[in-house]
Amino acid sequence: RWPVVMAASLGDGFDVITDGLRGRTTAYDEHLADCDRNGARLLPSVLYTHAPLDLVVFMLGSNDLKPHIAGTALAAMQGMRRLVELVRVNAMRDGQREAPAVLVVAPPPLCETANSEFAAMFAGGVEQSRMLASLYRDLADEQGVDFFDAGSVARTTPLDGVHLDSENTRAIGRALTPIVRLMLGS
């Protein structure tokens, strides 16, 4: 996972908490899943569990592009906006003097795949995913948070069109390391 790569690159003095969940959405229900994958519903508990936090990094939105979830990059951006708002509100409720910094990471765009199940599951997603970086960049500006386009350093694998292979996962972790150092002032 890219957070593990980033933690190793950051070295001592940093405590990176990985809270990845396969199939997680920004703020939408996945009724076919065997567990709750709605990021907005889960986030307050995660924030309280690990408080106090200095930085929260989000890389979500690809699963929102499934037509039966939300189906559009705009919906993913709106879900991401909700996550940023939740970080601010819940940090204050937990007694932190100020909310943690937030880094919004646009996942790499989906790619075409010969895997018929994934192609159908993400129908229209390739085109929509190409809009995520621009929408997330605008959202970051609007919300006064930081932004990174993971598509600038990584590509999804054509095996399923959605996921990352190990090389691309490592590339994201390495690319985020200097950004996180800068954001945390170290």
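Since this is a predicted model, take the numbers as computed values, not measurements.

Novice: Any chance you could break down the pattern of salt bridges for me, citing the residues and the numbers?
Specialist: In the structure shown here, the tally under the stated rule is 7 salt bridges. Between D29 and R41 there is a salt bridge, with the nearest N and O atoms lying 2.3 Å from each other. Of the two residues, D29 is situated in the loop between α1 (2-10) and α2 (39-50) and R41 in helix α2; the sequence distance between them amounts to 12 residues. Residue classification places D29 among the partly exposed residues on the basis of a relative accessible area of 31%. Notably, a salt bridge pairs E142 with R81, separated by 2.9 Å at the nearest N-O pair. With a gap of 61 residues between them, E142 in helix α6 (residues 132-143) and R81 in helix α3 (residues 73-93) connect regions that are remote in the sequence. Residue class for R81 comes out partly exposed when judged on its relative accessible area of 24%. In this structure, a network of salt bridges that share partners links the residues D29, D36 and R41.

Novice: So what about the packing of aromatic side chains? Which residues, and what values?
Specialist: Under the criterion given, the structure shown has 1 aromatic pair. With a centroid separation of 6.5 Å and 5° between ring planes, the pair formed by F118 and F122 is classed as stacked.

Novice: Got a sec to walk through the side chain of T26? Specific residues and values, please.
Specialist: Mapped onto the secondary structure, T26 falls in the loop between α1 and α2. There is a polar contact of 2.4 Å between the side chain of T26 and the side chain of D64. Residue contacts for T26: discarding those within four places in its chain leaves N38, G39, A40, L60, G61, D64, A76, G79, M80, L83 and Y136.

Definitions and cut-offs
Residues numbered from 1 in each chain as written. Predicted model: local features only at pLDDT ≥ 70, side-chain atom pairs only at ≥ 80, totals over all residues. Heavy atoms only, no water. Salt bridge = Lys/Arg side-chain N within 4 Å of Asp/Glu carboxyl O. Helix = DSSP H or I, 4+ residues; strand = E, 2+ residues; numbered from the N terminus. Buried < 20%, exposed > 50% of the residue type's maximum accessible area, 1.4 Å probe, protein only. Phe/Tyr/Trp six-rings, centres within 6.5 Å; stacked < 30°, edge-to-face > 60°. Polar contact = N/O pair within 3.5 Å; in protein donor to acceptor, adjacent residues only side chain to side chain. Contact = heavy atoms within 4.5 Å.

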